[in-house]
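Structural overview for review
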Amino acid sequence: MSTDPGLTLRHVGPEFRSFSGQDALAALPRELARVGARRAVIVCGPSMVKHPLALNRVHGALGEYLAGQFDGVAEHSPLPVVEQTRRFLADHEADAVIVVGGGSAVVTARAASILLAEQRGVRELCTRRAADGTLASPRLLAPKLPQWVVPSTPTTAYAKAGSAVRDPETGERLALFDPKTRAQGIVLDPVMALTAPSRLAWSAALNVFSMAVEGLQSRHVDPLADAQLAHALRTVVRWIPYLQTDPESARPRMHLMLAALMSGQGSDHTGGGLAQALSHAVGPRSSAANGVVEALLLPHTMRFNAPVVGNRIPLLADVLKVDEQTPEAVIGKIERLLELFEVPTRLRDVGVVEKDLIEAADHAMEDWAITSAPRVPDRTGALAVLSNAW
């Protein structure tokens with residue numbers, strides 16, 4: 001009799017409470033009371049102010065718990081805006097944060113909470129190269145403000161503990177990591193779901209799609225995470241076309257938001273991937289959203305990974321309903337889906353200049369996500385993938 005357990009894993013799921021529906025916002029005061037919070041600050045972008053009906057629903061739900069609203073969030077979470085958010089939280093004596101909007105708002109709020117609690121500069125707190133050449137994140141021990149997300153787009157950022165901010169002076173992407181900044185939960189409101197332009201929801205859903213595919217290629221085999229990633233992938237494939245055919249319906253967007261949660265949580269266990277790391281580096285140099293760039297890069301990174309992901313291909317083939325369980329057959333299906341989703345096929349098509357590829361490859365090598373890719377490239381390999389995609 002064999003005593004081989006067959007599979008060894010560690011799967012720790014943090015507490016996370018999800019609410020969805022017409023009356024979901026009513027959960028916010030109960031959630032704040034549960035943690036003893038009394039002064040909640042909303043963090044959102046200026047575009048959200050243009051949707052008073054949706055924003056007033058959040059104000060009404062919070063009632064006396066609302067202590068202020070910072071609405072200066074900017075795309076890619078630039079460091080000066082993160083610093084402004086930190087000061088706003090301090091000035092309003094916030095004891096909780098309600099993030100309203102998309103990924104930039106989520107990341108900005110998390111990063112600002114870290115700077116507020118740790119009382120140190122971002123370069124002391126961010127992930128950096130250790131003496132042995134590995135990437136290391138310092139342990140951030142100060143308690144952090146509890147956060148909830150009321151999303152307007154389907155972003156995997158809901159579930160994450162990392163916060164990457166961009167230094168506009170140097171172009172660097174500075175990554176902060178603290179499990180204590182994970183959101184307590186999400187509140188999916190159908191009115192809020194319709195505030196984002198359908199094109200923005202589309203680009204965010206492409207990130208959900210890409211992270212699910214990359215998670216299912218991971219060298220970290222976790223059946224619990226695989227289940228989340230597989231269903232996230234099926235959900236995106238089913239519902240993303242409705243963003244074009246039925247853009248005024250909340251239902252597809254709500255399903256895509258749930259897919260984002262599953263993809264974010266699943267990939268949190270399996271790790272990121274090469275397309276994610278490269279898109280972080282090249283995305284800000286393009287005219288497209290990061291989700292579009294990530295999806296564009298996906299077939300190229302899958303071909304790079306193909307020699308080492310053979311044992312993961314059958315699952316991807318099954319989820320995508322591909323009869324031939326080979327890397328090229330699965331990649332071919334991904335390419336056909338991206339064509340259906342109207343994703344550009346070349347980096348040059350989204351404004352990336354060829355000379356920027358070298359700098360992008362350098363920055364990608366400093367990205368934590370690249371360390372969990374199934375096949376970790378060196379700088380030359382990263383540049384080759386980018387060049388093939390250009």
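The present account deals with the structure reproduced in this document. (Residues numbered from 1 in each chain as written. Predicted model: local features only at pLDDT ≥ 70, side-chain atom pairs only at ≥ 80, totals over all residues. Heavy atoms only, no water.)

**What to know about the environment of proline 377**
Here is the rule we go by: In this description a helix means any DSSP run of H or I spanning at least four residues, a strand means any run of E spanning at least two, and both kinds are numbered starting from the N terminus. Only protein chains enter the accessibility calculation, which uses a 1.4 Å probe; a residue whose area is less than 20% of its type maximum is buried, one above 50% is exposed, and one in between is partly exposed. Note on contacts: a residue pair qualifies if any of its non-hydrogen atoms lie within 4.5 Å across the two residues.
By secondary structure assignment, the location of proline 377 is in the loop between α16 (356-364) and α17 (379-389). Of the residues examined, proline 377 reaches a relative accessible area of 5% and is grouped as buried. In sequence terms proline 377 and methionine 365 are 12 residues apart; their C-alpha atoms lie 8.4 Å from each other. Ignoring any residue separated from it by four or fewer positions in sequence, one finds proline 377 in contact with Leu274, Phe304, Met365, Ile370 and Ala382.

**Observations regarding the pattern of salt bridges**
So the rule is basically this: Salt bridge, as used here: a side-chain nitrogen of Lys or Arg that lies within 4 Å of a carboxyl oxygen of Asp or Glu.
For the structure on display, the rule yields 22 salt bridges. A salt bridge links arginine 38 to glutamate 64; the nearest nitrogen and oxygen atoms lie 3.1 Å apart. Remark: glutamate 64 occurs in the loop between α3 (52-62) and β3 (66-70) and arginine 38 occurs in the loop between α1 (27-34) and β2 (40-43); sequence separation between them is 26 residues. Judged by relative accessible area, glutamate 64 falls into the exposed class, the value being 63%. Taking the shortest distance from any N to any O, the salt bridge between arginine 285 and glutamate 359 comes out at 3.3 Å. Separated by 74 residues along the polypeptide, arginine 285 in the loop between α12 (274-282) and α13 (290-305) and glutamate 359 in helix α16 bring together distant segments of the chain. You can call glutamate 359 partly exposed: its relative accessible area is 37%.

**Things to note about the sheet that holds strand β7 (residues 147-151)**
Here is the rule we go by: At least two bridges found by DSSP between two strands are what make those strands a pair. To obtain an axis, a line is fitted to C-alpha atoms, over the contacting stretch when the element is a helix, and the angle between two such axes runs from 0 to 180 degrees between their N-to-C directions.
Strand order in the open sheet formed by 6 strands is β1-β10-β7-β4-β2-β3, with parallel pairing between adjacent strands. Unpaired on one side and paired on the other, β1 (17-20) and β3 mark the two borders of the sheet. Going from strand to strand, the sheet's axes swing by 20° on average, the running direction of each strand aside. Taken together, the 4 bridges between β1 and strand β10 (residues 185-188) define a ladder with parallel strand orientation. Along β10, the bridge assignment pairs phenylalanine 19 with valine 187.

**Re the side chain of aspartate 178**
Quick note on the threshold: Throughout this description, a polar contact denotes any pair of N or O atoms lying within 3.5 Å of each other; where both atoms belong to protein, one of them has to be capable of donating a hydrogen while the other can accept it, and for residues adjacent in sequence the pair is counted only when both atoms sit in side chains.
Relative to the elements of secondary structure, aspartate 178 occurs in the loop between β9 (173-177) and β10. Judged by its relative accessible area of 1%, aspartate 178 is buried. For aspartate 178, the side chain forms a polar contact with the side chain of lysine 144, separated by 2.6 Å. In terms of polar contacts, aspartate 178 uses its side chain to reach the backbone amide nitrogen of lysine 180, at 2.9 Å. Apart from the residues lying within four places of it in its own chain, the contact partners of aspartate 178 are Ile114, Glu118, Leu140, Ala142, Lys144 and Ala161.

**Here's the deal with the packing of α13 against helix α15 (residues 327-340)**
The test is simple: Orientation is classified from the angle alone, with under 35 degrees giving roughly parallel, over 145 giving roughly antiparallel, 65 to 115 giving roughly perpendicular, and any other angle giving oblique. Only Asp, Glu, Lys and Arg are considered charged, only Ala, Val, Leu, Ile, Met, Phe, Trp, Tyr, Cys and Pro nonpolar, and every remaining residue, Gly among them, polar.
Running from amino to carboxyl end, α13 crosses α15 at an angle of 170°, the nearest separation of the two axes being 10 Å. As far as their axial angle goes, α15 and α13 are roughly antiparallel. Contacts between α13 and α15 pair Ala295, Leu298, Pro299, Met302 and Arg303 from the former with Glu328, Val330, Ile331, Ile334, Glu335 and Leu338 from the latter. Grouping the constituent residues of the contact of α13 with α15 by class yields 8 nonpolar, no polar and 3 charged.

**A look at α16**
Residue pairs spaced three or four apart in an α-helix point in one direction, given the helix's 3.6 residues per turn. Condition: Here the arc refers to the set of directions running from the helix axis out to each C-beta atom.
Those residues of α16 that sit buried are Asp356, Leu357, Ala360, Ala361 and Ala364. Considered in projection along α16, the buried side chains sweep an arc of 135° and stay on one side of the axis. Buried residues in α16 make contact with α12 and α17.

**Some details on unusual backbone geometry**
In the Ramachandran plot, glutamate 93 falls in the positive-phi region, its phi being about 50° despite a non-glycine side chain. By the element assignment, glutamate 93 lies in the loop between α4 (79-91) and β4 (96-101). Overall, glutamate 93 belongs to the exposed group, its relative accessible area being 58%. Phi angles above zero are rare outside glycine, and lysine 321 is one such case at about 60°. Here lysine 321 shows up in the loop between α14 (313-320) and α15.

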